[in-house]
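Spelled out from the first residue to the last, the chains are:
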Amino acid sequence: MLWRFRRSSHDVDQSGIDRPRPRSVTKSSDGSISKLTHIITKSSTVESDSHGLTLAADCHEPLVDIIFVHGLGGGSMRTWCRNRDRRLFWPGEFLPSDLPQARIHIFGYNANFASTKSNVSNIVDFSKQLLFAMGFSPCGIGKHPIIFVAHSMGGLVVKKAFMLANQDTSYQNIAKNIRGILFLGTPHRGADSAQTLQNLLRVSLSHQPKAYIDDLVKNSSALQDINEDFRHFANRLELVSFYETLRTQIGPKTVFVVDKDSAILGYSSEYSVGVDADHHTICKFSSRQDLGYLSVLSALQKLISKGTENAPTDFSDFDVTEIELQRISKLLPHESSDEDDLITHEHSRLEGSCHWILQKSYFQRWLDGSGTSILWLYGIPGSGKSTLSSFAIDYLRKTGRECQFFFFSSAERSKRQVASCLRSLARQAANSHASVRHSLAGLRDGVSCLGSSDARTVWQKLFVSTIFNIEFDHPIYWVMDALDESDGPALLMQLLGSMQPRSPIKVLVTSRHAATIADATAHARVNVIVKEITTEDTLTDVTAYATTAIADIPCDEEKKKEIVESILHKAAGCFLWVRLAVEDIRELGFTQAGIQVALETVPAEMDYLYQRILQAIASRHAETRKLAKAIILWSVCSIRPLNVDELRFALQSELGPILNMERAISHTCANLLYIDRRNRVQLIHQTARAFLFQNTDPFFRIEAKRDHAYIACVCLDYLGDGSMRFHAQQARHLSTKFDKIRKQPFALYAIEAWSEHLRLACADSDAVFDKLVKFLRTNILTWVALLSSSDQLGLVIQSARNLKAYLERRAKITTPGGAFRIDSTKFAEAWAIDLIRLATKFGKNLVLAPFSLFQIIPQLCPTKSVVHQQCKTSSSPFRILGDTAAGWNDCVARIRLQNAGTVTALASCEVYVALGFHSGDVVIYCASTCQEFRKLTCRSRVAIKSLQFGPNNEKIMAGGGKVALVWDLSTGKVINSFQSSDEIQAVAFTSDGEHGLVITRNCMALTWDFGDPEISISSRFHWVEREEPGRHRSFPVATALSFGNRYLAVSYRGFPVSVWDLECNYLVGEVTRNAAGAGQGRRNVGDTVFCLDFNRTTGHLILGYSDGTMQKWDPITEEQSECDADAQTLVCSPDGATIATGDSFGNIKLWNLDTLELIQHISTQDDPIDMLCFSPDGLRFYDIRGDYCSAWEPEFLVRATKPDDDRSSFGPISFEITDASINPAEPLSSLVTDPTSTLAAYGREDGSVYICALDNQSPPKQIYNHAKGVSVVAHAWSSSGKFMATADDSRTVIMMQLFSAQDLSSTKAKVLTERNTQASIKQLLFDKSGKELIIITQNACEIWPTDNGAKRIIEVEKERNGFWIHQCEPSNGVMSITANQLIIFDWANSGDSRPLQTRFVDYAQISPFASCVSNAGWCKAAGQDILIMEVTFAFNPIRKDIVLYEWVEEKEAVSLIHRMSFSHIEFMIGIYNNQVVFLDKD
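Residues numbered from 1 in each chain as written. Predicted model: local features only at pLDDT ≥ 70, side-chain atom pairs only at ≥ 80, totals over all residues. Heavy atoms only, no water.

Re the overall build of the protein chain
Argument step 1. Within the protein chain one finds 43 helices and 69 strands.
Argument step 2. Restricting to contacts in the protein chain with at least 6 residues of sequence separation, those with at least 24 account for 61%.
Argument step 3. Summing over all exposed atoms, the protein chain offers an accessible surface of approximately 62800 Å²; the carbon and sulfur share of this is 50%. (Helix = DSSP H or I, 4+ residues; strand = E, 2+ residues; numbered from the N terminus. Contact = heavy atoms within 4.5 Å. Areas by Shrake-Rupley, 256 points an atom, 1.4 Å probe, with all protein chains shown as cover.)

Side note on the side chain of Asp1093
Argument step 1. With respect to the element layout, Asp1093 can be found in strand β36 (residues 1089-1094).
Argument step 2. One buried charge, Asp1093, has no salt-bridge partner; the nearest side chain with opposite charge is Arg1096, at 9.0 Å.
Argument step 3. Polar contacts involving the side chain of Asp1093 include one to the main-chain amide nitrogen of Cys1132, which spans 2.9 Å.
Argument step 4. Contact partners of Asp1093, with chain neighbours within four places excluded, come to Ala1040, His1100, Leu1101, Ile1102, Leu1130, Val1131 and Cys1132. (Buried < 20%, exposed > 50% of the residue type's maximum accessible area, 1.4 Å probe, protein only. Lys, Arg positive; Asp, Glu negative; His and termini not counted. Salt bridge = Lys/Arg side-chain N within 4 Å of Asp/Glu carboxyl O. Polar contact = N/O pair within 3.5 Å; in protein donor to acceptor, adjacent residues only side chain to side chain.)

Some remarks on the environment of Ile836
Argument step 1. Within the secondary structure layout, Ile836 lies in helix α37 (residues 818-841).
Argument step 2. Residue Ile836 is classed as buried on the basis of its relative accessible area of 3%.
Argument step 3. Separated by 40 residues in the primary sequence, Ile836 and Val796 have C-alpha atoms spaced 7.1 Å apart.

Regarding the pattern of salt bridges
Argument step 1. Going through the model one piece at a time under the given rule, you end up with 29 salt bridges.
Argument step 2. Arg640 is the salt-bridge partner of Glu752, the closest N and O atoms lying 2.4 Å from each other. Of the two residues, Glu752 sits in helix α33 (residues 747-760) while Arg640 sits in the loop between α27 (622-637) and α28 (644-655), which places them 112 residues apart along the sequence.
Argument step 3. The class for Arg640 is buried, based on a relative accessible area of 16%.
Argument step 4. A salt bridge links Asp645 to Arg648; the nearest nitrogen and oxygen atoms lie 2.6 Å apart. You can see Asp645 and its partner Arg648 sitting in helix α28, three residues apart, about one turn around the helix.
Argument step 5. Under the relative-accessibility criterion, Arg648 is labelled partly exposed at 22%.
Argument step 6. One continuous salt-bridge network, built from bridges that share partners, spans Arg701, Glu703, Arg706 and Asp707.

Some remarks on the pairing of strand β39 (residues 1120-1124)
Argument step 1. Two elements, strand β38 (residues 1109-1113) and β39, share five bridges in a ladder whose sense is antiparallel. When the bridges of β39 are listed, Met1110 appears paired with Cys1123.
Argument step 2. Counted along the chain from β38 to the antiparallel partner β39, the turn is six residues long, and its residue Glu1118 has a positive phi close to 60°. (Pairing = 2+ DSSP bridges.)

Here we look at the confidence of the model for the protein chain
Argument step 1. Averaged over the protein chain, the pLDDT score is 79; the fraction of residues at 70 or greater is 81%.
Argument step 2. Across residues 1-46, confidence stays below pLDDT 50; counting only partners more than four residues off in sequence or on other chains, it has 91 contacts.
Argument step 3. Low pLDDT (under 50) marks residues 193-209, which in the prediction has 31 contacts with non-local residues, meaning those over four places away or in another chain. (pLDDT = per-residue confidence, 0-100.)

Regarding the packing of helix α31 (residues 704-719) against helix α34 (residues 766-778)
Argument step 1. The contact between α31 and α34 brings their axes to 9 Å, and the two run at 25°. Considering the angle they form, α31 stands roughly parallel to α34. Here α31 runs over α34; the crossing is left-handed. The residues of α34 that touch α31, namely those facing Ala709, Cys713, Leu716, Asp717 and Leu719, are Ala767, Val768, Lys771, Leu772 and Phe775. (Axes fitted to C-alpha atoms, helices over the stretch in contact; angles between N-to-C directions. Parallel < 35°, antiparallel > 145°, perpendicular 65-115°, else oblique. Left-handed = near helix turned anticlockwise from the far one by under 90°.)

Overview of the sheet that holds β39
Argument step 1. Reading across from one edge, β36-β37-β38-β39 is the order of the four strands in this open sheet, with antiparallel pairing throughout. The open sheet has two edge strands, β36 and β39, and neither has a second partner. For this sheet the average axis-to-axis angle between neighbouring strands, irrespective of direction, equals 20°.

Topic: helix α35 (residues 780-789)
Argument step 1. With respect to burial, α35 is a largely interior element, nine of its ten residues being buried.
Argument step 2. Looking one or two residues beyond α35, the residue adopting positive phi is Asp791, at roughly 55°.

Looking at the pairing of strand β53 (residues 1283-1288)
Argument step 1. Counting buried positions along β53 yields six of six residues, so the element is predominantly enclosed.
Argument step 2. The alternating pattern of β53 places Phe1283, Ala1285 and Ala1287 and Met1284, Thr1286 and Asp1288 on opposite faces, both of which are buried.
Argument step 3. Judged from the five bridges that link them, strand β52 (residues 1272-1277) and β53 form a sheet pairing that is antiparallel. Each bridged residue has a counterpart across the sheet, and for Ala1276 the counterpart in β53 is Ala1285.
Argument step 4. Remark: five residues form the turn of the hairpin made by β52 and β53, two consecutive strands paired antiparallel; Gly1281 in that turn has positive phi of roughly 80°.
Argument step 5. As defined by bridge partners, β53 adjoins strand β54 (residues 1292-1299) across five bridges and the pair is classed as antiparallel. Of the residues in β54, the one forming a bridge with Phe1283 is Gln1297.
Argument step 6. Remark: three residues form the turn of the hairpin made by β53 and β54, two consecutive strands paired antiparallel; Arg1291 in that turn has positive phi of roughly 70°.

Looking at helix α22 (residues 535-549)
Argument step 1. Taking 1.5 Å per residue, 15 residues should reach 21 Å; α22 reaches 20 Å between its end C-alpha atoms and fits that length.
Argument step 2. The largest bend in α22 amounts to roughly 30° and is located at Asp541.
Argument step 3. Every buried residue belonging to α22 is among Asp537, Thr538, Asp541, Val542, Ala546 and Ala549, and all of these are buried.
Argument step 4. Where α22 is buried, its residues meet β16 (527-532), α23 (557-571) and α24 (575-588). (Expected span 1.5 Å × (residues − 1). Bend = angle between axes of the 7 residues up to and from the residue.)

Re the sheet that holds strand β26 (residues 963-968)
Argument step 1. What the four strands build is an open sheet, ordered β24-β25-β26-β27; its pairing is antiparallel. Two strands bound the open sheet, and with one partner strand each, they are β24 (946-949) and β27 (973-979). Put simply, the sheet's adjacent strands are angled 15° from each other on average, direction ignored.
Argument step 2. When strand β25 (residues 955-960) meets β26, the two strands line up antiparallel, connected through six bridges. Bridging across to β26, Ile956 finds its partner in Trp967.

A look at a nonpolar patch on the surface
Argument step 1. On the surface, a nonpolar cluster with roughly 320 Å² of combined accessible area is contributed by Phe1467, Ile1469, Val1477 and Leu1479.
Argument step 2. Secondary-structure elements contributing two or more residues to the nonpolar patch are β68 (1465-1472) and β69 (1475-1480).
Argument step 3. Here Val1477 lies in strand β69. (Patch = residues over 30% accessible without salt bridge, like charges linked within 9 Å, V, L, I, M, F, W, Y side chains within 5 Å.)

Structural notes on the state of the cysteines
Each disulfide consists of a covalent bond between the sulfur atoms of two cysteine residues.
Argument step 1. On inspection of all chains with the given rule, the structure shows zero disulfides.
Argument step 2. Free of any disulfide, Cys283 has its nearest cysteine sulfur in Cys81, 9.8 Å distant.
Argument step 3. Here Cys283 falls in the buried class, since its relative accessible area comes to 0%.
Argument step 4. Here Cys762 stays free of any disulfide, with the sulfur of Cys713 as its closest cysteine sulfur at 8.4 Å. (Disulfide = S-S within 2.5 Å.)

Description of the packing of helix α19 (residues 455-464) against helix α20 (residues 489-497)
Argument step 1. At a closest axis distance of 11 Å, the pairing of α19 and α20 adopts a crossing angle of 20°. One finds that α19 runs roughly parallel with respect to α20. Our pair here, α19 against α20, has a crossing hand that is right-handed. Across the interface between the two elements, Ala455, Arg456 and Trp459 of α19 pack against Leu491, Leu495 and Leu496 of α20.

Quick notes on the side chain of Ser1248
Argument step 1. Considering the arrangement of structural elements, one finds Ser1248 in strand β50 (residues 1248-1253).
Argument step 2. In this structure Ser1248 comes out as buried when scored by relative accessible area, which is 1%.
Argument step 3. Not counting the four nearest positions on each side in its chain, Ser1248 is found in contact with Tyr1242, Gly1243, Gln1262, Tyr1264, Asn1265 and Val1272.

Next comes the structure, spelled out in structure tokens:
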């Protein structure tokens, strides 16, 4: 593979940093610029908010003029700058390189509503100013197509200017060249906030009302006139309207300044799209990778590409981009602003600093060398590592190199997680590359949200299986700062070190020195450069900073030099120390004596410096000290930095209202805390946090457990307050209630942080425990619903883990309280379990419908669960019939395999689980519903030995016999096949999904190229086992491939397992038994390994011996350990923390991989466990036993801490052995209701048939049972309620008569007949009189009289054997419905031996691809009979169409009324009260 290095379009100076080429200013034809033009533009350079039209970026041969117009209260420049940062002025900084043939202008006008001066101008006046400036521009505007970009009120100004240009012939060139307008939050119909603003200005003593604000009031006459006139011209323009989707903070409230209805015109020529921004930030972008900027850029590119053509702009590609970005935002939820972090560090960097790194040969080697490399720079605390990282990012960007970055911070949870870092890098890559964006958007279809996934899962799904498979033509640079502050520095270094040496990724990592990081680099597969940031490296920068900082001190240059030398001597390379020392010197540096005192008292260590700061605070008034201590406590102990409003609210419970929080922070905690650009309160450095925890001063010392208990109490008090309470009757007002809660300053912090503080709090505090119990008894469901509404169920699971950890610590402490306290403890422990169950079992439902938590979900929970018990008194719109389980069941689903044969292979992915059979069939089931999705067949009918899903879950590969096949899951068609020379042992996809790896019985590893029509072998490796005298190895018993397919483990009967490196083609080693268990050189059957699996994270090989021993073997160190596990089969969890084993008695055991200790024992006393398989998220596993595939979700898998999780958040997990006897009820397989009463009947997969009452809580009654081992597949109940019929999958039909069916307890059933049919049964149907039963099979209809008369068989052609229903009233016939025909059978003539009369009614075919009608029914609308069908499609089983036809009885004809296509319908249940009832996939 060749990597092409990209060159920058900028000039590069000697320092290596590029400087933008100067742009020429276009002059008029005579080479001069008139005085009038100077008056209009006021400035030809963009340095401030100028009025008039200003050229922001020029080009030599422009194809288009883009004019930016700001809105109310904005400016020609600051409106387009994020955080008012001149470097983020995107029209002048970003667009020129992305739109090189565009000339860019900005227009400014006086819309400053905060001005104290009167302003009588209105929108029309501003529009005339714009038009005038364009007409007299020296740039000759009107010669090229014109596109406007307008924010807020600016859009109204542009609309009016466009109409004025069309009405004035002097502007005809401008009018005809205006091609498009891009609106950013424009209030086309006004805004409610405008009236509020005008009222405030009217009552202000210093401000005057503004005429243009009156124009913005909703439905003002000015707006109505503009909209009425504009619609006559709009069809000539391409219009793109962006609307805000986030509320804007205005004072204490958050509002939609311009709601969606007002921001969209609704014209046919308009394209509208939502932006993840508020009204202020919809026009401001943090970087070229900002999703908002990419959306605006994409729209501008489309407008420009069609700017000179008359054809309407095609926004199809823009649609694709937007859809992809939306999918990625769901796959990778936004966690924090990376660009804000970068800006913060850039602002602290002194101009000219950090250039020393460019002179280092190791940096240049890392920068320009070939292949993957990691540069790890470590240094002491405060040595400027983060500043150096920001410089490196800036340098890489300015030199045209692609760079993604992440700043770790231990102060904020989302900033210390390795998984967050990886998600951020993937998001940035998607923003930069269309190919990455396409790949990740496609991944969203088969992978759920990765917002709460662990680091290893994110690494595998996003990088190994997706991004690393894309061919880039240039290197990609990653910069990761403060790795030591992450939750898994060694893990991240291990993942980075596992990259392919030839990949284009280059990584720069900064941190303090840590042995764990150093150890991880030693085992890296790629080149790692390790260098220390020395005092000599930073000496120039420190000197420059100190010299600049004391430049204005009143002393001579010699004295200043002495001061700097003294500072440098004590600083020892620590920038932070220098900063604080300089502030001390400046404070005393008004006299020579003061300077001398400062120099003599400047401490030599950071701790002494912090101590002096605390001494200064302690010397102040008692109230000031109290306030300072509270601020410091919250700033140090909060799980993330609090913003000023959050801190103000947190303090008022103890100190009362704080009048000026900003001044309180700067006055009481100077030099220790500061407020950053995002209005968050920050410690000056992480070393200050460590000092405060270790400080000996009793007043300021932070006692972690005590202070976390205090904060936990504040959070729980807030969450337990009545304002958070919610009742089921308020379901329709749920979103309004949540909006009110989220607007409160402290709400978000309390919601996300209470459990973290609880876990860290002292366990013996009864005050904390009592507040916890109060919250759990009152508002816990509101809290869960709040998180569900924002798709944060991962935080629910996280909080349950924290709650359990707290309760485990509390259980070890004897506390008074008696029976009440014990009951409360059990109550809290029950919630720790139920929170996890709610999130895992009802996750999708909670996100889609949070209100279901108050009415529906508690009814579905086990009767003894705390959720059910606490909510059972709540009113609910429905009841659960039948026996509800008392407790949570670890077995969440069972798939009955019926008579499919022996299962020989098992595999799973995020959306499917696949079973391979001895018959050669592969059956795919949906993982969420366990319903069959598709059946695939190997034509050679060989036993399937191995299965694996492709990287994006779009394909599946199966190997068996001498053939390997690849199917496309969307179509079910074979897309690749491979014929081997010997039996296939295993198959696997390579990481790119374009090759297959085939392991054969004759010791061959073959790489099979899918793209080659000749089915070529791109690589071949023949491993040759070492033979021993007198001993011959037979064929392999078992094989296992490591994660990434690098290692292959092969087991032989009576021989050690051999492990081969398939990448380097050599024998890694042989796994031998410990002396106590080995065969001592003899051929011992106990030495045979029958099952083995690689741990995908640690690389360990796990082996199961025939005598039940389980062994763990390290391929690198060859260390091993064993335990007695009775393992007949085993599998490692994807996170590498757990091993699951199954034995011959049906027992499943979960083991801790590190210690091989037993964690959980699930005893079912069932058939032997044949196979085990984990789901990719590790929260579920499947087993194969007998005729069933079971899905398990043990509580431990959900609550257990993953190796890379934040240990400070979860705490230790206590491993205990639990014994769970699981006997899940058989699933329902048929359901029918009695037309004459409130009874229903259902059949189960074990052949049992029950009747239940729909109007009371009477337990269901079993009325009879089919033969053992069969499943009820069809059910019918006569219209009179007297007769019932059921059929099973052995083709047996039982017809019975019911007695006393109105009373459930006394209902009895008498079997009238029990017969077998000639073919499999599709449907059962009684005639309307209840005298005959029609049995629909695959090729005939059998008619059975209920009086035991002679049955009749009527042949029915396959293509006419559709879905059968009664004909609508008053007819007595039945009809078979196919995809294009109704076949009516006249039941009235069936009383004798004559065949049924048949009539055919053809109708417009639903679709040429329609497969069959799977359900149908009748309803009435406006007196007409409407036939409703559910139609399925063979080419797309996921698609379901609901089709409506009108039935005309007199003509016996139908006409199509409506057709709707759905992909989320699982199946149509029926029709109730003229409404279609269906089960969806969620």
